[in-house]
Each structure stands twice: as structure tokens, then as C-alpha cells.
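Examination of the molecular architecture
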Amino acid sequence: MVDHRLSEEHEALRESVQTFARKEVAPVIGDYYEREEFPYPLVQVMGRMGLFGLPIPEEHGGMGGDYFALCLALEELARVDSSVAITLEAGVSLGVMPIYRFGSDEQRRTWLPRLAAGEILGAFGLTEPGGGSDAGSTRTTAVLDGDEWVINGSKAFITNSGTDLTGLVTVTAVTGQKPNGGKEISTIIVPAGTPGFTVAKKYSKVGWNASDTHALSFDDCRVPAANLLGERGRGYAQFLATLTEGRVAIAALGVGLAQGCVDECLRYLGEREAFGRKIGEYQAMQFKVADMELRAHTARLAYYDAASRMLRGEPYKKEAAIAKLVSSNAAMDNARDATQIFGGYGFMNETPVGRFYRDAKILEIGEGTSEVQRMLIARELGLPT
Ligand SMILES: Cc1cc2nc3c(=O)[nH]c(=O)nc-3n(C[C@H](O)[C@H](O)[C@H](O)COP(=O)(O)OP(=O)(O)OC[C@H]3O[C@@H](n4cnc5c(N)ncnc54)[C@H](O)[C@@H]3O)c2cc1C
């Protein structure tokens, strides 16, 4: 049976996040963005709303929902602003989920209640200055010395890693050599403030300017051996699973941005006049917005499909990559068209579409570039890659 109607719970969540985004985020986010400032008060409200614990069972302090609920929340947030959306996306899919999925009982008890409540934020450090797409090329090392891991290396572009709320960063590191000579990669939890763990000054970015991104370095950074996440040597498999799931969330975020462009344009087409008529009366403008709606709609179907396969426990790698690719294309194309519809005002940072334009590009890069998505789709089709 094909049914894309939302359940009552999902619809109620979607509506409450939409209200929050429109009433509380929209009026203030432009100023945070211009100041390149992390919006602590908004993130605290999101924490109180339970958004950081959406897919986490209640016994761990979460809301007991599912991953699709997270996607719906991301879509509604990104319809208004992508910085707050990526803060939630990375906070949950990269911060909370690896600990929930792979953590020991002790690690779950220690971290999940505060992460799920948004009292602290978690980050995931995979990308290194030498490369992100080839994630297996990790150079950061962790050596077991008695009952401690000693970590050395650096990470690049890590979201949520340097806020006042950041409680931990889960990092990938080479912990040895596999029998076949390859790198043994593991993931290790590094609590914020651990000596030897340095957070560099935040990047100056093209977009997502009210989100938090830093380079990190580890210089003989010691953490307890018990901070190993899951089994030693399973790091590669863990981050592949984390990224596959995360792609569906990023796809939802892209759909939100694409739909936000439609929202803004519909309003503007009815307000702006040129040559004595509302610009919405010109077919050239109508066709543009029709194409924008088409892209947002088809991208939404793609992520709904990937999410429903995930929730049914079916393979969904190919569908997740397709959803991410379709949705990032939709976001880029819609941001470009929306900026065109707004004319000169579209080029001003003060308008939401100016922000959407700057925020769209990263969707073709983060959590696997568009080229990597195509590689994944080709591999799933059985082609050698
Ligand atoms: C704002 C922001 C936030 C981020 N947050 C995080 C985070 O929280 N955690 C984290 O770990 N990472 C994070 N990243 C990193 C992000 O995931 C990487 O930037 C991304 O995976 C690409 O890696 P790279 O930048 O090293 O590009 P590279 O891997 O160097 O790629 C450069 C170009 O080569 C192409 N390419 C590479 N290999 C191939 C191939 N085999 N075939 C064809 N083309 C190829 C790529 O598609 C790309 O176009 C973030 C990045 C940004 C900008």
C-alpha cells in the first residue's frame, strides 16, 4: 500500500515545529546570521521541545519517536532557517545516534539523557584536513596506553564542536592494523575540555552562519579506555551506518530549504509590482515557482521513501543517496530561482532568500558530496566503483 499521509503524532509534531520556526526563529535568525552568532536561546527552546531526543526511547530521556519525526522537524525548521536545522541535524544524527546505536549501557546512561534534552550537544569528528570523501584515509591515531587511549591528529569542519553546550565529540581514529594490512578504525568519545583536545577558532563560512563549525586538534589527548564506542575496529562500519541514516535527515533539511523558497516567492509574487502589474501575473514568474514546487515535492517523496524503508528495516542505502542528491539539487535550484524572483532584494542578506542562496550550496558537499552519492548509487546498482 502506498500512503504518504502523516500519522496524527507526526502531523502534530510538524505543526508545533512549524509554529516555533515561524514565530520564534524567523523574526530573530537574520540578526544571528549576520553576526555569525550561535543562537543559544533558540537551541535551548528546541531542547525543551524535546527535538534533540526525538528518535530516542523515553527510557534514555528521549521522546520515543522515530527517525522520520526528526526528518519532519528538520524540514519545518529549514523552511525558515538552515543554521538551526543543521544544529539539530548534526546534534541528533551525528551527536546522539552513534551513542544510542553503538554505545555501552554505561555510555548511554552517562550521555543520552542530557544529549536528548539538548542540555549538551554532541559532535562527530570524521573529516580530516587531508580529506572527507575518502573517510577511510583517517590519519588521526589512538594508541592504548594502560587503561587510556592517547589520541593524536586533527579533524576539519566539525559541526557543534565548539559551542558552550558542546559536551563531547566522537572521533574516528586508527587504532591498529587489520590482518589484511588495512587500517583498523575505531570511534572514541572525547569529552569537551579534555586536556590535549583543542578547538580552533570558528570558520568564516559562506552559509550556515549561525551554526557552529570548527577544526579540532588532539595532542596526546588521553581519555579512558572505556570511551571506545562499540567494538574496536568497527569504526568504519559505524560511520557508514551513521552517514546513511544522516543522508535522509539532510535530504529532509534540503526539502525544507526548497519549500521555504516557494513560501517566500508566493508571498513576493503577490506583493511586488512591475510594469503596473503584480509580478505573479507574469507567466515567466509563475513557471519558475511551479518548477520550484515540483522540485520540493519530488524531493520530499524521495526522502519519505528512504525514511519508510529505513523504518521498515529494509535496505535503503540507494534510496538515501537518491534522496540526498535530489533534495540538494532541489535546494540549489530553488535558491537560485527564488533569488531571481526577488530581483535585487534577493541579493541582500537581509532577505530570507539571500540566506537560502548562501545555505543551499553546502547541501551538495556535507555528509557526502554529490559525487559520492552518485558513487553509492552506482555501487548499489552493482557497478564496480
Ligand atoms: C559547514 C560544514 C560542516 C561539516 N560538518 C561536519 C561534521 O560535523 N563532521 C564531519 O566529520 N565532517 C563535517 N563536514 C565535512 C564534510 O562532510 C566534507 O567536507 C565532505 O565530506 C567532503 O570532504 P572534503 O571537503 O574533504 O572534500 P574532498 O573529499 O577533498 O573532495 C573534493 C572534491 O573531489 C570529489 N571527489 C572525491 N573523491 C572522488 C571520487 N572518488 N570520484 C569523484 N569525485 C571525487 C568530491 O566530490 C569533491 O567534489 C562539514 C563540512 C562543512 C563545510
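Residues numbered from 1 in each chain as written. Predicted model: local features only at pLDDT ≥ 70, side-chain atom pairs only at ≥ 80, totals over all residues. Heavy atoms only, no water.

Here we take up the overall build of the protein chain. Helix and strand counts for the protein chain stand at 11 helices and 10 strands. Its C-alpha atoms give the protein chain a radius of gyration of 21 Å, within 12% of the compact-globule value 21 Å for 385 residues. Considering only C-alpha atoms, the protein chain reaches an extent of 80 × 45 × 40 Å along its principal axes. A total of 385 residues make up the protein chain; the buried ones form 53% of that total. Looking at the protein chain alone, contacts between residues at least 24 apart form 73% of all its contacts between residues at least 6 apart. (Helix = DSSP H or I, 4+ residues; strand = E, 2+ residues; numbered from the N terminus. Rg over C-alpha atoms; globule rule 2.2 N^0.38 Å. Buried < 20%, exposed > 50% of the residue type's maximum accessible area, 1.4 Å probe, protein only. Contact = heavy atoms within 4.5 Å.)

Here we come to the site of the ligand. What surrounds the ligand is a group of 19 residues, the closest being T127, G132, S133, T369 and E371. Contact between the ligand and L126: an oxygen atom at 2.9 Å from a main-chain N or O atom of the residue. For the ligand, whose free accessible area comes to 980 Å², the fraction covered by protein is 64%. Of the pockets mapped on this structure, the ligand occupies the largest pocket. (Near = heavy atom within 4 Å. Polar contact = N/O pair within 3.5 Å; in protein donor to acceptor, adjacent residues only side chain to side chain. Areas by Shrake-Rupley, 256 points an atom, 1.4 Å probe, with all protein chains shown as cover. 1 Å grid on protein atoms, 1.4 Å probe; cavity = no way out; pocket = protein on both sides within 12 Å on 5 of 7 lines; lining within 4 Å. Sits in = over half its atoms within 2 Å of the grid points.)

Attention shifts here to the nonpolar core. With 86 residues, the main nonpolar core has L77, L88, V248, Y303 and I341 as its most contacted residues. Among the elements that take part in this core, helix α6 (residues 235-269) stands out by supplying 14 residues, more than any other. Here L88 is in contact with M46, L51, F52, L70, A73, L74 and L77, once residues within four sequence places are set aside. (Core = buried A, V, L, I, M, F, W, Y, C linked by side-chain atoms within 4.5 Å.)

Moving on to the domain arrangement of the protein chain. Domains assigned within the protein chain are domain 1 (8-121), domain 2 (123-232) and domain 3 (237-380). Placing a centre on the C-alpha atoms of domain 1 and another on those of domain 3 gives a separation of 20 Å. The interface is formed by 26 residues belonging to domain 1 together with 29 residues belonging to domain 3. Summed over both partners, the interface of domain 1 with domain 3 comes to about 2,300 Å²; 59% of that surface belongs to carbon and sulfur atoms. On the domain 1 side of the interface with domain 3, the three residues burying the most area are Y33, E75 and R79, jointly 26% of the side's total. Counting every contact that joins domain 1 to domain 3 gives 5 salt bridges. The salt bridge partner of R358 is E34, with a shortest N-O separation of 4.0 Å. Put simply, the parts of the chain that give the side of domain 1 that touches domain 3 at least two residues each are α1 (8-35), α3 (67-78) and α4 (82-102). Among the elements that make up the side of domain 1 that touches domain 3, the one with the highest residue count is α4 (10 residues). Classifying every residue of the side of domain 1 that touches domain 3 gives 15 nonpolar, 3 polar and 8 charged. (Domains from an automatic or database assignment. Buried area = accessible area lost by both parts, 1.4 Å probe. Salt bridge = Lys/Arg side-chain N within 4 Å of Asp/Glu carboxyl O. Nonpolar A, V, L, I, M, F, W, Y, C, P; charged D, E, K, R; others polar.)

So, on to the packing of aromatic side chains. Under the criterion given, the structure shown has 8 aromatic pairs. Centroid distance F38 to Y40: 4.8 Å. Interplanar angle 70°. Geometry classified as edge-to-face. For F38, a relative accessible area of 9% puts it in the buried group. Note on F68 and Y304: the rings are 4.9 Å apart at their centroids and 90° apart in plane angle, and the pair reads as edge-to-face. Taken as a pair, F68 in helix α3 and Y304 in helix α7 (residues 283-312) lie far apart in primary sequence, 236 residues in all. The exposure classification of F68 matches that of Y304, with both residues buried. (Phe/Tyr/Trp six-rings, centres within 6.5 Å; stacked < 30°, edge-to-face > 60°.)

Over its 30 residues, α7 runs 43 Å from end to end, which matches the ideal 44 Å to within 8%, given 1.5 Å per residue. One or two steps after α7, the chain reaches G313, where phi turns positive at roughly 75°. (Expected span 1.5 Å × (residues − 1).)

Let us now look at the UniProt feature "domain: Acyl-CoA oxidase/dehydrogenase middle" (unreviewed entry) in the protein chain. The feature "domain: Acyl-CoA oxidase/dehydrogenase middle" (unreviewed entry), as given by UniProt, occupies residues 123-221 in the numbering adopted here. Across residues 123-221, the secondary structure splits into 0% helix and 54% strand, with the terminal C-alpha atoms separated by 17 Å. (UniProt positions renumbered as here; feature names shortened; annotations may be inferred.)

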